[in-house]
Amino acid sequence: FGGQALMISSYRALFENLLAVDLDRQVYGYGREIYRLQPDNAYGAGIMMKPAAQRIAQKVTELYGDTDNLALLEFGSGNAMTLAIILKELEKHGFIRPMVIASDIDPRTSFSAQELFKRKGLGEVNWESVDMGSEKGIAWVAKKLEGKNVIIFVGYIYHERRELARRSLAATSKIMPQAVIA
């Protein structure tokens, strides 16, 4: 239950101010008065995503004969643990590392992502701090992925901000229609 405990504790500031947020006296969200604690939130989410990441890696090995023309992109990646797990699983199956881009609007999570990738022997992570809910953000990253078969992983945080999820998926469908969203 370590992942769940970290996730719950990362919301302490929100819990302590829940009434004020509910009454619109304070604002919760990235760049607002109240936000989740990092890296606890990103690390806890990564632990909880491990089974899903393993299933995604298995599916990638079934669908693609190699990773030469493959790119993995994660929206709302936090510390990029989902990507790290997928890369380690692909490595077990003899696949070379595909192009990888981790993105999160909170640049603080990039530090824990870099640390995690180094600790797992995965080298550097290509980190982009962009708003993937904007067409401009999607277009900027899409340019880097031109000519690749792109698989997109959507971070768990989209459940909190339905509007962000809607905008991200709409922009992605428009700008990167060939991408597979896992």
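The structure we're discussing is the one just above.
Residues numbered from 1 in each chain as written. Predicted model: local features only at pLDDT ≥ 70, side-chain atom pairs only at ≥ 80, totals over all residues. Heavy atoms only, no water.

Participant: Sorry, what's going on with the nonpolar core here?
Facilitator: The nonpolar side chains of soluble globular proteins are, as a tendency, buried together. By size, the foremost hydrophobic cluster in this structure holds 26 residues, and its most contacted members are Val 60, Leu 72, Leu 83, Ile 86, Phe 117, Ile 151 and Phe 153. Among the secondary structure elements, those contributing two or more residues to this core are α5 (50-63), β1 (70-75), α6 (81-92), β2 (99-103), α7 (109-119) and β4 (149-154). Per-element tally for this core: the top contributor is α6, with seven residues. Ile 151 has contacts with Val 60, Tyr 64, Leu 70, Ala 71, Leu 72, Leu 73, Val 180 and Ala 182, leaving out every residue within four places of it along the chain. With 15 residues, the next largest nonpolar core counts Phe 75, Ile 101, Val 141 and Ala 142 among its residues. (Core = buried A, V, L, I, M, F, W, Y, C linked by side-chain atoms within 4.5 Å. Buried < 20%, exposed > 50% of the residue type's maximum accessible area, 1.4 Å probe, protein only. Helix = DSSP H or I, 4+ residues; strand = E, 2+ residues; numbered from the N terminus. Contact = heavy atoms within 4.5 Å.)

Participant: Is there a simple way to explain the environment of Leu 90 in this structure?
Facilitator: One can find Leu 90 in helix α6. We classify Leu 90 as buried; its relative accessible area is 1%. Each C-alpha atom, one on Leu 90 and one on Thr 67, is 9.1 Å from the other, the two residues being 23 residues apart in sequence. Not counting residues within four places of it along the chain, the set of residues in contact with Leu 90 comprises Ala 57, Val 60, Thr 61, Leu 72, Phe 95 and Pro 98.

Participant: Mind showing me how you'd approach the side chain of Ser 103 here?
Facilitator: Along the chain, the position of Ser 103 falls in strand β2. A polar atom in the side chain of Ser 103 sits 2.8 Å from the backbone oxygen of Glu 74. When near neighbours in sequence (up to four residues on either side) are disregarded, Ser 103 contacts Leu 73, Glu 74, Phe 75, Gly 76, Ser 77, Glu 128, Val 130 and Met 132. (Polar contact = N/O pair within 3.5 Å; in protein donor to acceptor, adjacent residues only side chain to side chain.)

Participant: What am I meant to see in the pairing of β2 here?
Facilitator: Regular strands show a simple pattern: their side chains alternate between the two faces of the sheet. Among the five residues in β2, four count as buried, and that is most of the element. Relative to β2, β1 is paired through four bridges, and the arrangement is parallel. What sits directly across from Leu 72, in β2, is Val 100. Between β1 and its parallel partner β2, the chain crosses via α6, and the hand of that crossover is right-handed. The pairing of β2 with strand β3 (residues 127-128) spans two bridges and is parallel. Among the inter-strand pairings, Ala 102 is bridged to a residue of β3, identified as Trp 127. Where the polypeptide runs from β2 across α7 and back to β3, its parallel neighbour, the crossover connection is right-handed. (Pairing = 2+ DSSP bridges. Right-handed = clockwise from strand over helix to strand, strands pointing away.)

Participant: Would you mind going over helix α4 (residues 40-48) with me for this structure?
Facilitator: For the α-helix, the turn length of 3.6 residues means that residues three or four positions removed from each other point alike. Taken together, the buried positions of α4 are Asn 41, Ala 42, Gly 44, Ala 45 and Gly 46. Looking at the buried side of α4, the elements it contacts are α1 (2-10), α5, α6 and α7.

Participant: Quick question: what am I supposed to make of α1 here?
Facilitator: When we look at burial in α1, the residues that qualify are Gly 3, Met 7 and Ser 10. Along α1, the residues classed as buried sweep out an arc of 65° about the axis, all on the same side. The elements touched by buried residues of α1 are α2 (12-16) and α4. (Arc of directions from axis to C-beta.)

Participant: How should I be thinking about a nonpolar patch on the surface in this particular structure?
Facilitator: Taken together, the side chains of Tyr 43, Ile 47 and Met 48 make up a nonpolar region of the molecular surface, amounting to roughly 250 Å² of accessible area. With respect to the helices and strands, the residue Tyr 43 is situated in helix α4. Judged by its relative accessible area of 35%, Tyr 43 is partly exposed. (Patch = residues over 30% accessible without salt bridge, like charges linked within 9 Å, V, L, I, M, F, W, Y side chains within 5 Å. Areas by Shrake-Rupley, 256 points an atom, 1.4 Å probe, with all protein chains shown as cover. Salt bridge = Lys/Arg side-chain N within 4 Å of Asp/Glu carboxyl O.)

Participant: Just checking my understanding: could you explain the packing of α5 against α6 for this structure?
Facilitator: A pair of packed helices is characterised by two quantities: the angle between their axes and the separation of those axes. Put simply, α5 and α6 touch, their axes get as near as 8 Å, and they point 45° apart. Comparing their axes, α6 and α5 come out oblique. Seen along the crossing, α5 lies across α6 with a hand that is right-handed. Contacts from Lys 50, Ala 53, Gln 54, Ile 56, Ala 57, Val 60 and Thr 61 in α5 reach Thr 82, Ile 85, Ile 86, Glu 89 and Leu 90 in α6. Here the residues of the contact of α5 with α6 sort into seven nonpolar, three polar and two charged. (Axes fitted to C-alpha atoms, helices over the stretch in contact; angles between N-to-C directions. Parallel < 35°, antiparallel > 145°, perpendicular 65-115°, else oblique. Left-handed = near helix turned anticlockwise from the far one by under 90°. Nonpolar A, V, L, I, M, F, W, Y, C, P; charged D, E, K, R; others polar.)

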